[in-house]
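A closer look at the structure
Letter by letter, the chains look like this.
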Amino acid sequence: MEKLIDKIFSFAEPGIILALLITAMLLNSWFFKRLKSPTKSYHVTRNSITAFLFLTGALAIILTLPIRQESKGQILSFLGIIVSAGIALSSTTVLGNLIAGIMNNSMKRFGNGDLIKVGDLQGRVVKRSVFHTELQLEDSNFVTIPNLHIASNPVKLTRKANTVISTTVSLGYDVPRTKIEEALKEAALETGLKDPYVYIMELGDFSVVYKIHGFLKDSNLFFSTSSLLNGKVMDVLHKKKIEIVSPTFMNQRRADEVNFIPEETTNAKPEKEEKTPEELIFNEALEAAEIEKKKNNLKKLDERKQDLQKKLKEEKEDKQKEVIKAAITRIEKLKEQIETHIEEQNEKQKE
(Lines give C-alpha, C1' and ligand atoms only; values in the text may rest on other atoms or scores of the structure.)
Protein backbone atom coordinates (compact mmCIF):
# COMPACT_ATOMS: atom_id res chain seq x y z
CA MET A 1 0.00 0.00 0.00
CA GLU A 2 2.84 2.39 0.84
CA LYS A 3 4.53 1.62 -2.48
CA LEU A 4 1.31 2.41 -4.36
CA ILE A 5 0.98 5.71 -2.51
CA ASP A 6 4.62 6.55 -3.29
CA LYS A 7 4.06 5.85 -6.96
CA ILE A 8 0.98 8.09 -7.02
CA PHE A 9 2.85 10.95 -5.30
CA SER A 10 5.81 10.46 -7.64
CA PHE A 11 3.53 11.43 -10.55
CA ALA A 12 2.09 14.42 -8.68
CA GLU A 13 4.88 16.80 -9.67
CA PRO A 14 4.64 16.05 -13.44
CA GLY A 15 0.85 16.32 -13.13
CA ILE A 16 1.09 19.76 -11.53
CA ILE A 17 3.46 20.92 -14.27
CA LEU A 18 1.08 19.58 -16.94
CA ALA A 19 -1.84 21.45 -15.32
CA LEU A 20 0.21 24.68 -15.19
CA LEU A 21 1.20 24.21 -18.85
CA ILE A 22 -2.42 23.78 -19.98
CA THR A 23 -3.46 26.82 -17.91
CA ALA A 24 -0.68 28.98 -19.39
CA MET A 25 -1.62 27.98 -22.95
CA LEU A 26 -5.29 28.73 -22.32
CA LEU A 27 -4.41 32.13 -20.83
CA ASN A 28 -2.21 32.87 -23.85
CA SER A 29 -5.05 32.04 -26.23
CA TRP A 30 -7.56 34.07 -24.17
CA PHE A 31 -5.28 37.11 -24.02
CA PHE A 32 -4.71 37.30 -27.80
CA LYS A 33 -8.39 36.75 -28.58
CA ARG A 34 -9.30 39.80 -26.45
CA LEU A 35 -7.03 42.14 -28.41
CA LYS A 36 -9.26 44.70 -30.16
CA SER A 37 -6.76 45.75 -32.83
CA PRO A 38 -4.26 42.94 -33.48
CA THR A 39 -0.99 43.91 -35.11
CA LYS A 40 0.52 42.43 -38.27
CA SER A 41 2.66 40.03 -36.18
CA TYR A 42 -0.37 38.89 -34.12
CA HIS A 43 -0.35 35.23 -35.24
CA VAL A 44 3.45 34.97 -35.25
CA THR A 45 3.70 36.23 -31.65
CA ARG A 46 0.89 34.02 -30.39
CA ASN A 47 2.27 30.88 -32.06
CA SER A 48 5.82 31.63 -30.86
CA ILE A 49 4.66 31.94 -27.23
CA THR A 50 2.62 28.72 -27.56
CA ALA A 51 5.60 26.81 -28.97
CA PHE A 52 7.88 28.15 -26.21
CA LEU A 53 5.40 27.12 -23.50
CA PHE A 54 4.98 23.66 -25.01
CA LEU A 55 8.73 22.99 -25.28
CA THR A 56 9.41 24.34 -21.77
CA GLY A 57 6.57 22.28 -20.28
CA ALA A 58 7.61 19.11 -22.10
CA LEU A 59 11.19 19.53 -20.86
CA ALA A 60 10.02 20.12 -17.25
CA ILE A 61 7.72 17.07 -17.34
CA ILE A 62 10.49 14.82 -18.66
CA LEU A 63 12.91 16.00 -15.97
CA THR A 64 10.37 15.34 -13.18
CA LEU A 65 9.23 11.89 -14.36
CA PRO A 66 9.93 9.08 -11.83
CA ILE A 67 12.27 7.16 -14.15
CA ARG A 68 16.01 6.47 -14.30
CA GLN A 69 18.44 9.19 -15.27
CA GLU A 70 19.60 7.13 -18.25
CA SER A 71 16.03 6.92 -19.58
CA LYS A 72 15.59 10.68 -19.09
CA GLY A 73 18.79 11.29 -21.04
CA GLN A 74 17.61 9.07 -23.89
CA ILE A 75 14.22 10.84 -24.06
CA LEU A 76 15.86 14.26 -24.02
CA SER A 77 18.32 13.18 -26.74
CA PHE A 78 15.45 11.91 -28.90
CA LEU A 79 13.51 15.16 -28.35
CA GLY A 80 16.60 17.18 -29.23
CA ILE A 81 17.04 15.23 -32.48
CA ILE A 82 13.41 15.87 -33.47
CA VAL A 83 13.66 19.62 -32.71
CA SER A 84 17.02 19.93 -34.50
CA ALA A 85 15.70 18.10 -37.57
CA GLY A 86 12.61 20.32 -37.67
CA ILE A 87 14.71 23.48 -37.41
CA ALA A 88 17.17 22.25 -40.05
CA LEU A 89 14.42 21.39 -42.54
CA SER A 90 12.43 24.59 -42.09
CA SER A 91 15.20 27.10 -41.35
CA THR A 92 16.05 27.71 -45.01
CA THR A 93 12.50 28.65 -46.00
CA VAL A 94 11.65 30.45 -42.75
CA LEU A 95 14.84 32.51 -42.65
CA GLY A 96 14.57 33.23 -46.37
CA ASN A 97 11.00 34.55 -45.99
CA LEU A 98 11.98 36.49 -42.87
CA ILE A 99 14.93 38.21 -44.55
CA ALA A 100 12.89 38.86 -47.71
CA GLY A 101 10.05 40.33 -45.63
CA ILE A 102 12.42 42.67 -43.78
CA MET A 103 13.99 43.70 -47.10
CA ASN A 104 10.62 44.37 -48.78
CA ASN A 105 9.32 46.40 -45.83
CA SER A 106 12.54 48.39 -45.45
CA MET A 107 12.75 49.18 -49.17
CA LYS A 108 9.06 50.17 -49.23
CA ARG A 109 8.61 48.76 -52.71
CA PHE A 110 4.81 48.84 -52.33
CA GLY A 111 2.14 49.50 -49.70
CA ASN A 112 -1.38 48.42 -48.84
CA GLY A 113 -3.80 49.11 -51.69
CA ASP A 114 -1.09 49.22 -54.39
CA LEU A 115 -1.72 47.30 -57.61
CA ILE A 116 1.19 44.92 -58.25
CA LYS A 117 1.93 41.98 -60.53
CA VAL A 118 4.18 39.07 -59.49
CA GLY A 119 4.54 36.51 -62.24
CA ASP A 120 1.03 35.65 -63.46
CA LEU A 121 -0.64 37.07 -60.33
CA GLN A 122 -1.97 40.64 -60.39
CA GLY A 123 -3.93 42.27 -57.61
CA ARG A 124 -3.98 44.84 -54.84
CA VAL A 125 -2.01 44.45 -51.62
CA VAL A 126 -4.17 43.74 -48.57
CA LYS A 127 -1.63 42.75 -45.90
CA ARG A 128 2.15 42.72 -45.55
CA SER A 129 3.67 40.57 -42.83
CA VAL A 130 7.16 39.35 -42.01
CA PHE A 131 6.73 36.04 -43.84
CA HIS A 132 4.12 36.63 -46.57
CA THR A 133 2.12 39.20 -48.54
CA GLU A 134 -1.62 38.87 -49.21
CA LEU A 135 -3.15 40.07 -52.49
CA GLN A 136 -6.77 40.56 -53.52
CA LEU A 137 -7.07 39.43 -57.14
CA GLU A 138 -9.23 40.67 -60.01
CA ASP A 139 -11.94 38.12 -59.12
CA SER A 140 -12.06 39.49 -55.52
CA ASN A 141 -10.45 36.31 -54.10
CA PHE A 142 -7.27 36.32 -52.01
CA VAL A 143 -3.86 34.77 -52.55
CA THR A 144 -0.93 34.57 -50.13
CA ILE A 145 2.56 34.90 -51.63
CA PRO A 146 5.73 34.07 -49.62
CA ASN A 147 8.06 37.05 -49.35
CA LEU A 148 10.92 34.91 -50.65
CA HIS A 149 9.01 34.48 -53.94
CA ILE A 150 8.44 38.23 -54.18
CA ALA A 151 12.10 39.01 -53.46
CA SER A 152 13.35 36.55 -56.11
CA ASN A 153 10.92 37.61 -58.89
CA PRO A 154 10.32 40.91 -60.69
CA VAL A 155 7.45 42.92 -59.19
CA LYS A 156 5.50 45.25 -61.48
CA LEU A 157 4.04 48.18 -59.53
CA THR A 158 1.25 50.11 -61.26
CA ARG A 159 1.52 53.85 -60.78
CA LYS A 160 -1.31 55.43 -58.78
CA ALA A 161 -1.63 58.30 -61.25
CA ASN A 162 -0.92 58.64 -64.99
CA THR A 163 -0.41 54.94 -65.59
CA VAL A 164 -0.59 53.70 -69.19
CA ILE A 165 -3.56 51.62 -70.41
CA SER A 166 -3.25 49.84 -73.76
CA THR A 167 -4.90 47.30 -76.04
CA THR A 168 -4.08 45.73 -79.40
CA VAL A 169 -6.14 45.12 -82.54
CA SER A 170 -5.23 43.57 -85.89
CA LEU A 171 -6.66 45.09 -89.07
CA GLY A 172 -6.22 44.56 -92.78
CA TYR A 173 -3.75 46.20 -95.14
CA ASP A 174 -6.64 47.61 -97.18
CA VAL A 175 -7.38 50.30 -94.57
CA PRO A 176 -5.05 53.37 -94.52
CA ARG A 177 -2.78 53.54 -91.51
CA THR A 178 -3.57 57.19 -90.76
CA LYS A 179 -7.32 56.49 -90.68
CA ILE A 180 -6.82 53.63 -88.23
CA GLU A 181 -4.56 55.67 -85.94
CA GLU A 182 -7.09 58.54 -85.84
CA ALA A 183 -9.88 56.11 -84.98
CA LEU A 184 -7.88 54.44 -82.21
CA LYS A 185 -6.91 57.78 -80.67
CA GLU A 186 -10.57 58.84 -80.76
CA ALA A 187 -11.51 55.62 -78.93
CA ALA A 188 -8.88 56.31 -76.25
CA LEU A 189 -10.16 59.87 -75.73
CA GLU A 190 -13.76 58.64 -75.41
CA THR A 191 -12.54 56.15 -72.79
CA GLY A 192 -11.20 59.04 -70.72
CA LEU A 193 -7.50 58.53 -71.40
CA LYS A 194 -5.14 61.43 -71.98
CA ASP A 195 -2.43 61.95 -74.62
CA PRO A 196 -3.13 58.77 -76.63
CA TYR A 197 -0.52 57.37 -79.00
CA VAL A 198 -0.39 54.38 -81.37
CA TYR A 199 2.36 51.84 -82.04
CA ILE A 200 2.45 49.50 -85.03
CA MET A 201 3.51 46.28 -83.30
CA GLU A 202 3.72 43.83 -86.20
CA LEU A 203 3.39 43.61 -89.97
CA GLY A 204 1.90 40.14 -90.35
CA ASP A 205 1.27 38.09 -93.47
CA PHE A 206 -2.42 39.04 -93.55
CA SER A 207 -2.87 41.90 -91.06
CA VAL A 208 -1.23 44.78 -89.21
CA VAL A 209 -1.20 44.76 -85.40
CA TYR A 210 -1.86 48.19 -83.86
CA LYS A 211 -1.50 49.05 -80.16
CA ILE A 212 -3.26 52.08 -78.70
CA HIS A 213 -1.97 53.62 -75.45
CA GLY A 214 -3.30 56.33 -73.17
CA PHE A 215 -2.64 57.78 -69.72
CA LEU A 216 -5.14 56.94 -66.96
CA LYS A 217 -5.49 59.55 -64.23
CA ASP A 218 -6.62 57.19 -61.45
CA SER A 219 -5.25 53.64 -61.37
CA ASN A 220 -8.11 52.54 -59.09
CA LEU A 221 -10.11 52.16 -62.32
CA PHE A 222 -7.43 50.10 -64.07
CA PHE A 223 -9.42 46.96 -64.93
CA SER A 224 -12.74 48.62 -65.80
CA THR A 225 -10.97 51.21 -67.97
CA SER A 226 -9.08 48.45 -69.81
CA SER A 227 -12.41 46.77 -70.58
CA LEU A 228 -14.00 50.08 -71.58
CA LEU A 229 -11.09 50.83 -73.94
CA ASN A 230 -11.67 47.52 -75.76
CA GLY A 231 -15.36 48.38 -76.13
CA LYS A 232 -14.66 51.92 -77.39
CA VAL A 233 -12.14 50.59 -79.94
CA MET A 234 -14.85 48.31 -81.38
CA ASP A 235 -17.47 51.10 -81.35
CA VAL A 236 -15.29 53.69 -83.08
CA LEU A 237 -13.93 51.28 -85.69
CA HIS A 238 -17.45 50.13 -86.56
CA LYS A 239 -18.59 53.75 -86.67
CA LYS A 240 -15.77 54.53 -89.12
CA LYS A 241 -16.87 51.53 -91.25
CA ILE A 242 -13.65 49.65 -90.49
CA GLU A 243 -14.21 45.90 -90.25
CA ILE A 244 -12.52 43.98 -87.47
CA VAL A 245 -12.46 40.74 -89.45
CA SER A 246 -9.45 38.57 -90.17
CA PRO A 247 -8.31 38.94 -93.80
CA THR A 248 -7.67 35.19 -93.89
CA PHE A 249 -11.33 34.57 -93.09
CA MET A 250 -12.41 37.16 -95.69
CA ASN A 251 -10.41 35.45 -98.41
CA GLN A 252 -12.15 32.15 -97.70
CA ARG A 253 -15.79 33.38 -97.81
CA ARG A 254 -17.93 34.43 -100.72
CA ALA A 255 -19.52 37.56 -99.28
CA ASP A 256 -17.82 40.43 -101.08
CA GLU A 257 -20.55 42.98 -100.41
CA VAL A 258 -21.42 41.98 -96.84
CA ASN A 259 -19.95 44.06 -94.00
CA PHE A 260 -19.65 42.43 -90.59
CA ILE A 261 -20.40 45.60 -88.65
CA PRO A 262 -23.29 45.63 -86.15
CA GLU A 263 -25.88 48.41 -86.32
CA GLU A 264 -25.25 51.37 -84.03
CA THR A 265 -27.55 51.48 -81.01
CA THR A 266 -28.36 54.34 -78.64
CA ASN A 267 -29.13 54.05 -74.96
CA ALA A 268 -32.53 55.56 -74.27
CA LYS A 269 -32.16 55.41 -70.50
CA PRO A 270 -29.25 57.19 -68.81
CA GLU A 271 -26.96 54.89 -66.91
CA LYS A 272 -27.30 55.01 -63.11
CA GLU A 273 -24.29 55.92 -61.02
CA GLU A 274 -23.09 52.71 -59.42
CA LYS A 275 -19.98 51.53 -57.69
CA THR A 276 -17.11 50.74 -60.02
CA PRO A 277 -16.04 47.08 -60.37
CA GLU A 278 -12.78 47.93 -58.60
CA GLU A 279 -14.67 49.21 -55.54
CA LEU A 280 -16.54 45.90 -55.32
CA ILE A 281 -13.61 43.61 -56.20
CA PHE A 282 -10.81 45.23 -54.16
CA ASN A 283 -12.92 46.31 -51.18
CA GLU A 284 -10.53 44.98 -48.52
CA ALA A 285 -7.42 46.15 -50.35
CA LEU A 286 -8.80 49.70 -50.66
CA GLU A 287 -9.82 49.69 -46.98
CA ALA A 288 -6.31 48.56 -46.01
CA ALA A 289 -4.87 51.43 -48.07
CA GLU A 290 -7.17 53.93 -46.31
CA ILE A 291 -6.11 52.61 -42.89
CA GLU A 292 -2.44 52.97 -43.82
CA LYS A 293 -3.03 56.57 -45.00
CA LYS A 294 -4.77 57.41 -41.73
CA LYS A 295 -1.90 55.91 -39.72
CA ASN A 296 0.54 58.07 -41.69
CA ASN A 297 -1.64 61.09 -40.93
CA LEU A 298 -1.49 60.19 -37.22
CA LYS A 299 2.31 60.22 -37.37
CA LYS A 300 2.28 63.65 -39.02
CA LEU A 301 -0.12 64.96 -36.37
CA ASP A 302 2.15 63.60 -33.61
CA GLU A 303 5.12 65.40 -35.15
CA ARG A 304 3.11 68.61 -35.43
CA LYS A 305 1.96 68.28 -31.82
CA GLN A 306 5.55 67.82 -30.58
CA ASP A 307 6.65 70.93 -32.49
CA LEU A 308 3.83 72.96 -30.94
CA GLN A 309 4.66 71.69 -27.45
CA LYS A 310 8.28 72.82 -27.91
CA LYS A 311 7.09 76.24 -29.05
CA LEU A 312 4.74 76.41 -26.06
CA LYS A 313 7.65 75.90 -23.65
CA GLU A 314 9.74 78.57 -25.39
CA GLU A 315 6.89 81.09 -25.80
CA LYS A 316 6.65 83.88 -23.22
CA GLU A 317 3.57 85.84 -24.34
CA ASP A 318 0.27 84.63 -22.85
CA LYS A 319 -1.82 85.31 -25.98
CA GLN A 320 0.50 83.29 -28.18
CA LYS A 321 0.45 80.49 -25.61
CA GLU A 322 -3.34 80.35 -25.81
CA VAL A 323 -3.17 80.11 -29.61
CA ILE A 324 -0.70 77.24 -29.41
CA LYS A 325 -2.79 75.43 -26.77
CA ALA A 326 -5.87 75.75 -28.97
CA ALA A 327 -3.95 74.28 -31.92
CA ILE A 328 -2.78 71.34 -29.76
CA THR A 329 -6.38 70.73 -28.64
CA ARG A 330 -7.57 70.65 -32.28
CA ILE A 331 -4.84 68.16 -33.15
CA GLU A 332 -5.82 65.90 -30.23
CA LYS A 333 -9.49 65.95 -31.29
CA LEU A 334 -8.53 65.17 -34.88
CA LYS A 335 -6.34 62.29 -33.68
CA GLU A 336 -9.25 60.85 -31.69
CA GLN A 337 -11.50 60.98 -34.76
CA ILE A 338 -8.91 59.25 -36.94
CA GLU A 339 -8.24 56.57 -34.32
CA THR A 340 -11.99 55.94 -34.03
CA HIS A 341 -12.29 55.55 -37.80
CA ILE A 342 -9.36 53.11 -37.83
CA GLU A 343 -10.95 50.99 -35.08
CA GLU A 344 -14.27 50.94 -36.95
CA GLN A 345 -12.60 49.83 -40.19
CA ASN A 346 -10.67 47.11 -38.33
CA GLU A 347 -13.93 45.83 -36.86
CA LYS A 348 -15.50 45.74 -40.34
CA GLN A 349 -12.57 43.72 -41.69
CA LYS A 350 -12.98 41.18 -38.86
CA GLU A 351 -16.64 40.70 -39.83
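Here, the structure is the one placed above.
Reference entry: report on the structure contained in this document. Being a predicted model, the structure only gives us computed values, none of them experimental. (Residues numbered from 1 in each chain as written. Predicted model: local features only at pLDDT ≥ 70, side-chain atom pairs only at ≥ 80, totals over all residues. Heavy atoms only, no water.)

Our focus in this paragraph is a negative patch on the surface. There is a patch of like negative charges on the surface, built from Glu336, Glu339, Glu343 and Glu344. A relative accessible area of 52% means that glutamate 343 is categorised as exposed. (Patch = residues over 30% accessible without salt bridge, like charges linked within 9 Å, V, L, I, M, F, W, Y side chains within 5 Å. Areas by Shrake-Rupley, 256 points an atom, 1.4 Å probe, with all protein chains shown as cover. Salt bridge = Lys/Arg side-chain N within 4 Å of Asp/Glu carboxyl O. Lys, Arg positive; Asp, Glu negative; His and termini not counted. Charge placed at Lys NZ, Arg CZ, Asp CG, Glu CD. Buried < 20%, exposed > 50% of the residue type's maximum accessible area, 1.4 Å probe, protein only.)

Working note: non-glycine residues mostly have negative phi, and peptide bonds are mostly trans. With a phi angle near 75°, serine 140 is a residue other than glycine that sits in the positive phi range. Among the secondary structure elements, serine 140 is positioned in the loop between β3 (132–137) and β4 (142–146). Even without a glycine there, the phi angle at lysine 241 is positive, about 60°. Here lysine 241 shows up in the loop between α7 (222–239) and α8 (247–251). (Helix = DSSP H or I, 4+ residues; strand = E, 2+ residues; numbered from the N terminus.)

We now examine α7. Across its 18 residues, α7 extends 25 Å between first and last C-alpha, which sits within 8% of the 26 Å expected from 1.5 Å per residue. Listing the buried residues of α7 in full gives Phe222, Phe223, Thr225, Ser226, Leu229, Val233, Val236, Leu237 and His238. Positioned one or two residues after α7, lysine 241 has a phi angle of 60°, which is positive. (Expected span 1.5 Å × (residues − 1).)

Time to look at the sheet that holds strand β1 (residues 115–118). The strands making up a sheet associate through backbone hydrogen bonding, with each pair oriented either parallel or antiparallel. Taken together, the 5 strands give an open sheet; going across it, the order is β4-β3-β2-β1-β5, and neighbouring strands pair in antiparallel fashion. Each having just a single partner strand, β4 and β5 (155–157) make up the two edges of the open sheet. This sheet shows a mean twist of 40° between the axes of neighbouring strands, independent of strand direction. Examined bridge by bridge, β1 and strand β2 (residues 121–128) share 4 bridges and lie antiparallel to one another. Residue pairing across strands places lysine 117 opposite glutamine 122, the latter belonging to β2. (Pairing = 2+ DSSP bridges. Axes fitted to C-alpha atoms, helices over the stretch in contact; angles between N-to-C directions.)

Quick look at the pattern of salt bridges now. Applying the stated criterion to the full structure yields 5 salt bridges. Two residues, lysine 240 and glutamate 186, come together in a salt bridge whose shortest N-O distance is 3.3 Å. Of this pair, lysine 240 sits in the loop between α7 and α8 while glutamate 186 sits in helix α6 (residues 177–191); the two residues are 54 residues apart in sequence, bridging distant segments of the chain. Overall, lysine 240 belongs to the partly exposed group, its relative accessible area being 34%. In this structure, the salt-bridge partner of lysine 305 is glutamate 332, at a minimum N-O distance of 3.1 Å. Remark: glutamate 332 occurs in helix α11 (residues 318–350) and lysine 305 occurs in helix α10 (residues 283–314); sequence separation between them is 27 residues.

Our next topic: the packing of aromatic side chains. Each pair of aromatic rings is reported with the distance of its centres and the angle of its planes. Using the criterion set out here, one finds 3 aromatic pairs in the structure. For the pair phenylalanine 222 and phenylalanine 223, a centre-to-centre distance of 5.3 Å together with 85° between the ring planes defines the contact as edge-to-face. For the pair phenylalanine 222 and phenylalanine 223, one class covers both residues: buried. (Phe/Tyr/Trp six-rings, centres within 6.5 Å; stacked < 30°, edge-to-face > 60°.)

With that out of the way, let us pick up the sheet that holds strand β6 (residues 163–171). In spatial order, the strands read β6-β8-β7; together these 3 strands make up an open sheet with antiparallel pairing. Strand pairing shows two members of the sheet lacking a second neighbour, β6 and β7 (194–203), which therefore form its edges. On average, adjacent strands in this sheet sit at an angle of 20° to one another, irrespective of strand direction. Sheet analysis places β6 next to strand β8 (residues 208–216), joined by 9 bridges and oriented antiparallel. Bridge pairing in β8 links threonine 167 to isoleucine 212. Strands in contact with α6 are β6, β7 and β8; relative to β7, the strand with the most contacts, it is inclined by about 135°. (Contact = heavy atoms within 4.5 Å.)

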